[in-house]
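# Structural characterization, general
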Amino acid sequence: MYLPLILLAAVGTCLGLLTAAATSTDPAQLDSPSMLPTHRRQKRDWIWNQMHIDEEKNTSLPHYVGKIKSSVNSKNAKYLLRGESAGKVFRVNEDTGDVYALERLDREKISEYHLTALVVDKNTNRDLESPSSFTIKVHDVNDKWPVFTHRFFNASVPEMSTTGTSVIRLTAVDADDPTVGDHTSVMYQVLGGGEHFGIDNNGLIYTKSNSLDREVQARYEIVVQAQDAQGLRGESGTATVLVTLQDINDNFPIFTQSAYTFMVPEDIRVGSPLGYLSVEDPDEPQNRMTKYSIVQGQFRDTFKIETDHTHNKGIIKPMKPLDYEHIPHYTFTIEATDPTINLYYSSNPSGRNKARVTINVTDVDEPPVFQQPFYHFRLQENLKKPLIGSVMAKDPDATRRSIGYFIRRTSDKGQFFQVNKQGNIFNSKELDREIYPWYNLTVEAKELYPNGSPTGKESIVQVHIEVLDENDNAPELAQPEAPKVCENAPQGKLVVQISATDKDITPVNVKFRFFLGTADSNFTLTDNHDNTANITVKYGQFDREHTKVHYLPVIISDNGRPSLTSTNTLAVTVCKCNERGEFTFCEEVAPQVGISIQALVAIFLCILTIAVITLLIFLRRRLRKQARAQGKSALEIHEQLVTYDEEGGGEMDTTSYDVSVLNSARHRGAKLPRPGRDVPPAVYTQVQKPPRHAPLAKHGEPADMAAVIEVKKDEADHDSSSLPYDTLHLFDYEGSESIAESLSSLGTHSSNSDIDYDFLNDWGPRFKMLAELYSTDSREELGY
C-alpha cells in the first residue's frame, strides 16, 4: 500500500526538478520586473531648467544662465562643472547649482558650450550621482551687418550689349543666425555708376543702357552698398566693381593714305614684298580682320595683297617677274574691308575704303635667262654623240650682250661632257649606264663683254642626261647558297635550281638559256624555260675520295640584241649523308676572291715600278763590270776551273803549249811538287805561245794532253792533302785558229756579250749547278 505512494512522490519530485531546470535556462526572465524583489532601489534623475543665454548682454556680469539640480536630498551634496569653458566662461554655485556666465558671449564666435555636471559629497568628494552632460546655447542677436566677400570685383560685358544684360553677381555675408527672423536679410543699392548699371536684391549687376561703346569708354567703376536695415546699429558694407567692356568687331578699317607710290627694281623675286599698306581700325587686334583687294586695273594677275594680321597691314607682292623693258609703271585701285563685321552695330553700312597705288619699276642689269627651267636629254650608252642637246639663254636687257656657256666642274667630275659657245652639249667619253644611269649637269650662262671677259652676271640651269641601256653585259649566274649533293645521291636527284641576273635593264620578255659547258661530269642541266634551270645527278654515286668539289661550267645566254653569252662556274660540294639524306659532313669551298679594277691597276703599277728598279740595278752592275774588264788585258787573265770529263782545248791546242816539262817528268817518274796557295805557278803553267809551224809529235808518242793527264793523275793519287776531286789547269789562250776565241769565264764575263744563261734554270735539276755557276750573282762572286 505504501509502494504506490512512494512512486507517486518520486514522480512528483522529478517533475518539479524538470520544471525548475526549464525556468532557469531563460536569463531574460530573471531581469524582468516581475521577478525582481519589490524593495529594489529606484534610479535618481537630474533636475534643472533648460539653459540658454543671449549674446552680447548689456547687464553687469556675471549673467545668470540657469540651475542644475538633482533629486539627491543630502545636505552634503556639492555641485561641480567640468569642461573646456568651466571656470573660465561659466561658473556654478556649489550649494544651489546656479550657473553664471563670467563674460559676454558672442554667438558668431561660439554658438554652443558643452559642459558636464557632477554631484559629489562635500566630505569625501564621492559621486552621489553619475555625471551628466548638458549644453548651453547662445541665442542670436541681430548685431552684425552684411560684409562683401571682397572689397574689389572685376567684371566684363560685351560692348553694345542690350539693356538688362547680366554683368556680375555680388554676395554680402551677414554673420548673424539665418534661422532667426530676418537677421541675415541684405539690401543692395548702387552708390556710384548707376546711370549705366543697376543691381537687384539678389546682388546681380545688369546694364541699363544698350549704347556702351568700348571705343568711347572702355571701363566703368561702380560702387555697391549692402545694408542690414534691421540691424542693431544700422551699418552697411560697400564694394567697388570695375566693369570692362569687351570689344566686338564693329569698326571698318580706313586707309591712312589716299594714294601709295612704290619704287621697285625689276629683278625683285616673285613673292617678295615690295610695299606695305596701312589702315586704322579702333577695334582690338583680335577683331581686326582686314581684307585687301585690287578692285580696278588690269594687273590683278601681276600683284597680290596679303594681310599681316599681327600689324593689320597689307603686303603687296609680285606674282610674276617684272620687266622694265616691257612695263615700267603699274597703277591700280585697292580696297580694304572687314567681312566679319556685324553690320547691326556698324555706323558705316558700306564698310569699304579705297586708295590708289602706283608702282614704278626701275631698270637693273639682269643675268641671262634660260628659255627652259631645266633640260632633259637622252643618250645611248657606249656612244660618242656630237650633239646630245642644246641649251639657250639670252640677255633680257636692252644691251643684248653675248652669252658664254660653261659646265660646272663639280657636276661633271668625270669630265664626260663639254659645251660649246652655241650651247650644244656633247660627250667626249663613252658612257656606261651600269655605272651611272643619270648625269645631272649644272650649265652656267655668263654675260660677256665684247672682249670675251665675263661681266659677273650669270645664271644656271639643270641639265639631266639619261643614259639609255643597250645589251652590253652578258647574263651572270645568280650564285645559289653553297649547293651540295650527297655522295650516294641517286640518279636524277635535284641538286640545285639556278637562275641568272643581268646588269642591263631586264625587259619583261627576257629569256635566259642555260647550258652545261662539259659533258664529262656526273651532272645534268635541264633548262626550265622560265629563266631557271635544274642541276640534277646524271649517273648516281659520287666518290668523295677522288673529288670533293665539282666545278661545273654553266653557259648562260640572253635574247638581247645582240645576244650575249657568259660562262660561269658553279661549285657543287659532295658531302657525306646519313640514311635519311641529311648532310653530315661537307668540305668548305674556298671562296673565289674577286679583284676590282682599281686593285688591278695598283698591282700593275707596283709590278712596273719593281721592274724598272730591277732593270736599273742590272744596268748599273753591268756598267761597273765592263769598267773593271776594260782595265786589264785579256792575255793577263788566267783562272782555275774545277771541272769533270774535260775533252780538251780548242782545235789548235796541241801546238799551243810546251809540254816538255811534263814529258820529262813522266819519263823520269819523278813526282812534281804540288804548288800551294802562296807558291807561284809551275813552269808548265806559264802561257807560252809556240811558233805557228812547230814540228808535230812522232807517231807512237803520247800526245801532249795525254801526258798532262797522266802527270796530274799520278800527282793526285800520291798526294793525301789534295782535294777529293781532280783539278785541271786551263789557260786563257785557246789557240790562234779557234773560232770560239777565248773560252775563259772571266774573259767572257768581262766582254760585251749579251748572252743570258738564266735559261739553264729551265733545264731541270741536272743543270742546277751549271745554272748557278753561270748566273749573274755567281759570276760576280767568283774571283781568281
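Owing to the predicted nature of the structure, the values given are computational and were not obtained by experimental measurement.

## Re helix α5 (residues 704-718)
For α5, built from 15 residues, the straight-helix expectation of 21 Å at 1.5 Å per residue is met to within 8% by its first-to-last C-alpha distance of 22 Å. Looking at α5, one finds that the buried residues are D704, A707, V708, V711, K712 and E715. Seen end-on, α5 carries its buried residues on one side only, within an arc spanning 125°.

## Concerning unusual backbone geometry
Excluding glycine, a negative phi dihedral is what most residues carry, and trans is how most peptide bonds are arranged. Between L61 and P62 the backbone carries a cis peptide bond, its omega angle lying at -5°. Checked against the element boundaries, P62 lands in the loop between β2 (52-54) and β3 (63-70). A cis amide bond links R561 with the next residue in sequence, P562, at an omega value of 0°. Even without a glycine there, the phi angle at N531 is positive, about 70°. Following the sequence through the fold, N531 ends up in the loop between β39 (523-527) and β40 (532-537).

## Considering the side chain of K78
Within the fold, K78 resides in strand β4 (residues 77-82). Buried K78, no salt bridge; nearest opposite-charge side chain is E94, N-O distance 4.9 Å. Polar contacts involving the side chain of K78 include one to the side chain of N125, which spans 3.5 Å. Filtering out sequence-adjacent residues up to four positions away, K78 remains in contact with E94, L118, V119, V120, K122 and N125.

## So, the nonpolar core
Across soluble globular proteins, nonpolar side chains show a tendency to be buried alongside one another. In this structure, V485, I498, I535 and L570 are the most contacted members of the largest nonpolar core, which totals 25 residues. At the level of elements, β36 (484-486), β37 (494-501), β38 (513-516), β39, β40, β41 (549-557) and β42 (565-577) are the ones that each hand at least two residues to this core. The contact partners of I498, leaving out residues within four places of it in the chain, are L477, P480, F514, L525, N531, T532, A533, I535, V554 and L570.

## Details of the pairing of β38
Side-chain positions along a regular strand alternate between the two faces of the sheet. Only one face of β38 is buried, namely the one carrying F514 and L516, since none of R513 and F515 on the opposite face is buried. Sheet topology places β38 next to β41; four bridges connect them, and they run antiparallel. Note on β41: the bridge partner recorded for L516 is V554.

## Here's the deal with the state of the cysteines
Under the criterion given, the structure shown has two disulfides. Across a sulfur-sulfur distance of 2.0 Å, C486 and C577 are joined as a disulfide pair. Residues C486 and C577 are joined through a disulfide that is left-handed, its torsion about the S-S bond being -90°. Of this pair, C486 sits in strand β36 while C577 is found in strand β42, placing the two residues 91 residues apart along the sequence. With a sulfur-sulfur separation of 2.0 Å, C575 is cross-linked through a disulfide to C586. What sets the handedness of the C575 and C586 disulfide is the S-S torsion sign, and at about 120° it is right-handed. Highlighted residues: C575 in strand β42 and C586 in the loop between β43 (583-585) and α3 (597-629), separated in sequence by 11 residues.

## Section: the pairing of strand β25 (residues 353-362)
As judged from the seven bridges shared by strand β19 (residues 259-265) and β25, these two strands associate in the parallel manner. Residue pairing for β25: M263 is matched across the bridge by N360. Sheet topology note: the strand β24 (residues 329-337)/β25 ladder contains eight bridges and is antiparallel. Bridging from a neighbouring strand, T333 pairs with R356 of β25.

## A few points about the sheet that holds strand β34 (residues 454-468)
Taken in spatial order, the four strands line up as β27-β34-β33-β30 in an open sheet, and their pairing is mixed. The two strands at the open ends of the sheet, each matched to only one other strand, are β27 (374-380) and β30 (402-407). Going across the sheet, the axis of each strand differs from the next one's by a mean of 30°, ignoring polarity. Where strand β33 (residues 438-448) lies against β34, 10 bridges are found, and the strand directions are antiparallel.

## Focus on the pattern of salt bridges
Under the definition given, this model contains 17 salt bridges. A salt bridge links K317 to E306; the shortest N-O distance between them is 2.9 Å. Here K317, found in strand β23 (residues 313-318), pairs with E306, found in strand β22 (residues 303-308); they are 11 residues apart in sequence, far enough to count as distant. The class of K317 is buried, set by a relative accessible area of 16%. The partner of R408 in a salt bridge is E444, and the shortest N-O contact between them spans 2.7 Å. Note that R408 is positioned in the loop between β30 and β31 (417-419) and E444 in strand β33, a separation of 36 residues in sequence. What makes E444 buried here is its relative accessible area of 11%. Here the salt bridges share partners, and the residues they tie into one network are R214, E215, D247 and E284.

## Some thoughts on the sheet that holds β22
Read from one edge of the open sheet, four strands run β18-β20-β23-β22, paired in antiparallel fashion. With partners counted over all chains shown, the strands left at the sheet margins are β18 (254-255) and β22, one partner each. Of the strand pairs in this sheet, β22 and β23 are connected by six bridges, and their pairing is antiparallel. Following the sheet pairing, K304 is matched in β23 by K317.

## Points about the confidence of the model for the chain
In the predicted model, the chain carries a mean pLDDT of 76, and 73% of its residues have values of at least 70. The weakest mean pLDDT in the chain belongs to helix α2 (residues 28-31) at 32; the strongest belongs to β19 at 94.

## Comments concerning the packing of aromatic side chains
According to the stated counting rule, one finds 15 aromatic pairs in the structure shown. Relative to Y188, the ring of F148 has its centre 6.1 Å away and its plane inclined at 50°; by these criteria the two rings are tilted. Taken together, the residues span a long stretch of sequence, with F148 in strand β9 (residues 147-148) and Y188 in strand β13 (residues 187-192) at a distance of 40 residues. By way of ring pairs, the aromatic residues F255, Y260, F262 and Y292 are connected into one cluster. Residue placement shows K446 over the ring face of F406; its charged tip is 5.0 Å from the ring centre. Sitting over the ring of F583, K484 keeps its end group 5.9 Å from the ring centre.

## Focus: the environment of N531
Along the backbone, N531 and S499 are 32 residues apart, and their C-alpha atoms lie at a distance of 6.2 Å. With residues near it in sequence (within four places) discarded, N531 still touches I498, S499, A500, V510, K511, F512 and F514. Here V510 takes part through its backbone oxygen, which lies 3.3 Å from a polar atom of the side chain of N531. A polar contact of 2.8 Å, which involves the side chain of N531, links it to the backbone nitrogen of F512.

## Description of a nonpolar patch on the surface
The grouping of F759, W763, F767, M769, L770, L773 and Y774 at the surface amounts to a nonpolar patch, some 660 Å² of accessible area in total. Tracing the backbone through its elements, the reader meets M769 in helix α7 (residues 768-773). With relative accessibility at 55%, the residue M769 sits in the exposed group.

## Thoughts on the side chain of T302
In this structure, T302 sits in the loop between β21 (291-296) and β22. By relative accessible area, T302 is classed as buried at 6%. Polar side-chain contacts of T302 include one of 3.4 Å to the side chain of D301. For T302, the residues in contact, after removing those within four places along its chain, are K317, P318, M319, K320, L322 and Y330.

Criteria and thresholds
- Residues numbered from 1 in each chain as written.
- Predicted model: local features only at pLDDT ≥ 70, side-chain atom pairs only at ≥ 80, totals over all residues.
- Heavy atoms only, no water.
- Helix = DSSP H or I, 4+ residues; strand = E, 2+ residues; numbered from the N terminus.
- Expected span 1.5 Å × (residues − 1).
- Buried < 20%, exposed > 50% of the residue type's maximum accessible area, 1.4 Å probe, protein only.
- Arc of directions from axis to C-beta.
- Lys, Arg positive; Asp, Glu negative; His and termini not counted.
- Salt bridge = Lys/Arg side-chain N within 4 Å of Asp/Glu carboxyl O.
- Polar contact = N/O pair within 3.5 Å; in protein donor to acceptor, adjacent residues only side chain to side chain.
- Contact = heavy atoms within 4.5 Å.
- Core = buried A, V, L, I, M, F, W, Y, C linked by side-chain atoms within 4.5 Å.
- Pairing = 2+ DSSP bridges.
- Disulfide = S-S within 2.5 Å.
- Axes fitted to C-alpha atoms, helices over the stretch in contact; angles between N-to-C directions.
- pLDDT = per-residue confidence, 0-100.
- Phe/Tyr/Trp six-rings, centres within 6.5 Å; stacked < 30°, edge-to-face > 60°.
- Lys NZ or Arg CZ within 6 Å of the ring centre and 35° of its normal.
- Patch = residues over 30% accessible without salt bridge, like charges linked within 9 Å, V, L, I, M, F, W, Y side chains within 5 Å.
- Areas by Shrake-Rupley, 256 points an atom, 1.4 Å probe, with all protein chains shown as cover.

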